[in-house]
Amino acid sequence: MNREELKRILPHRDAMLLLDDVREQEGTAVGHYTVRGDEFFLKGHFPGNPIVPGVILCEILAQSACVLMEQALAEGKLPVYTGLNNVKFRSPVRPGDTVETRCRIKRAKHPFYFAEGTLTVENRLCVSGEFSFAVTGE
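Let me begin by describing the structure that accompanies this report.

About the criteria used
Residues numbered from 1 in each chain as written. Predicted model: local features only at pLDDT ≥ 70, side-chain atom pairs only at ≥ 80, totals over all residues. Heavy atoms only, no water. Helix = DSSP H or I, 4+ residues; strand = E, 2+ residues; numbered from the N terminus. Rg over C-alpha atoms; globule rule 2.2 N^0.38 Å. Buried < 20%, exposed > 50% of the residue type's maximum accessible area, 1.4 Å probe, protein only. Salt bridge = Lys/Arg side-chain N within 4 Å of Asp/Glu carboxyl O. Core = buried A, V, L, I, M, F, W, Y, C linked by side-chain atoms within 4.5 Å. Contact = heavy atoms within 4.5 Å.

### Some words on the overall build of the protein chain
So, step 1. Across its full length, the protein chain holds two helices and six strands.
So, step 2. Ordered by position from N to C terminus, the α and β elements of the protein chain give α-β-β-α-β-β-β-β.
So, step 3. Against the compact-globule benchmark of 14 Å for 138 residues, the protein chain has a radius of gyration of 14 Å, which places it among compact chains.
So, step 4. In terms of its C-alpha atoms, the protein chain occupies a principal-axis envelope of roughly 45 × 30 × 25 Å.
So, step 5. Across the 138 residues in the protein chain, those meeting the buried criterion constitute 43%.

### What about the pattern of salt bridges?
So, step 1. For the structure shown, the criterion picks out eight salt bridges.
So, step 2. One salt bridge connects Asp 97 with Arg 124, and the closest N-O pair in it is separated by 3.9 Å. On the criterion of sequence distance, the pair formed by Asp 97 in the loop between β3 (78–89) and β4 (98–109) and Arg 124 in strand β6 (residues 124–136) is long-range, its members being 27 residues apart.
So, step 3. Take Asp 97: its relative accessible area is 17%, and that puts it in the buried class.
So, step 4. Here Glu 100 makes a salt bridge to Arg 102, at a shortest N to O gap of 3.3 Å.
So, step 5. One connected set of salt bridges, linked through shared partners, spans Arg 36, Asp 38 and Glu 39.

### A few points about the nonpolar core
So, step 1. One finds Val 52, Ile 60, Val 93, Leu 119 and Phe 133 to be the most contacted residues of the largest nonpolar core, which totals 36 residues.
So, step 2. Among the elements of the structure, β2 (28–34), α2 (54–66), β4, β5 (112–121) and β6 are those that each provide at least two residues to this core.
So, step 3. The element contributing the most residues to this core is α2, with seven residues.
So, step 4. Aside from chain neighbours lying at most four places away, what touches Val 93 is Val 35, Ile 51, Val 52, Leu 57, Val 99, Leu 119, Val 121 and Cys 126.

Written out as structure tokens, the structure reads:
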């Protein structure tokens, strides 16, 4: 699914929609985002040596995993982080890089969902971790 299709599932818009595309492949969400270099989170992080902040990389993973929760994210429902565990940052992500996410839901007990994922650039592992969400709203 492309950015417009993602907007039917994710509540994120404009500068906070951090996926270009996602597809589901055998229970795994495989997503992509190309870092253009003009994103708000690169301004000042770091001057002359821009690196995507770790918190943004975690957000990219979360958005990718939320595609697998499409049924639970009916209109008015929001997925919010409830935890991050065993997150490891192994390699920096820079402007021009296209990241690939691979996320899966390990277990779910509505409204809580527990996921794990990796984020790579050209098969180079950049981030791995486990994370959880609660689906909130009416």
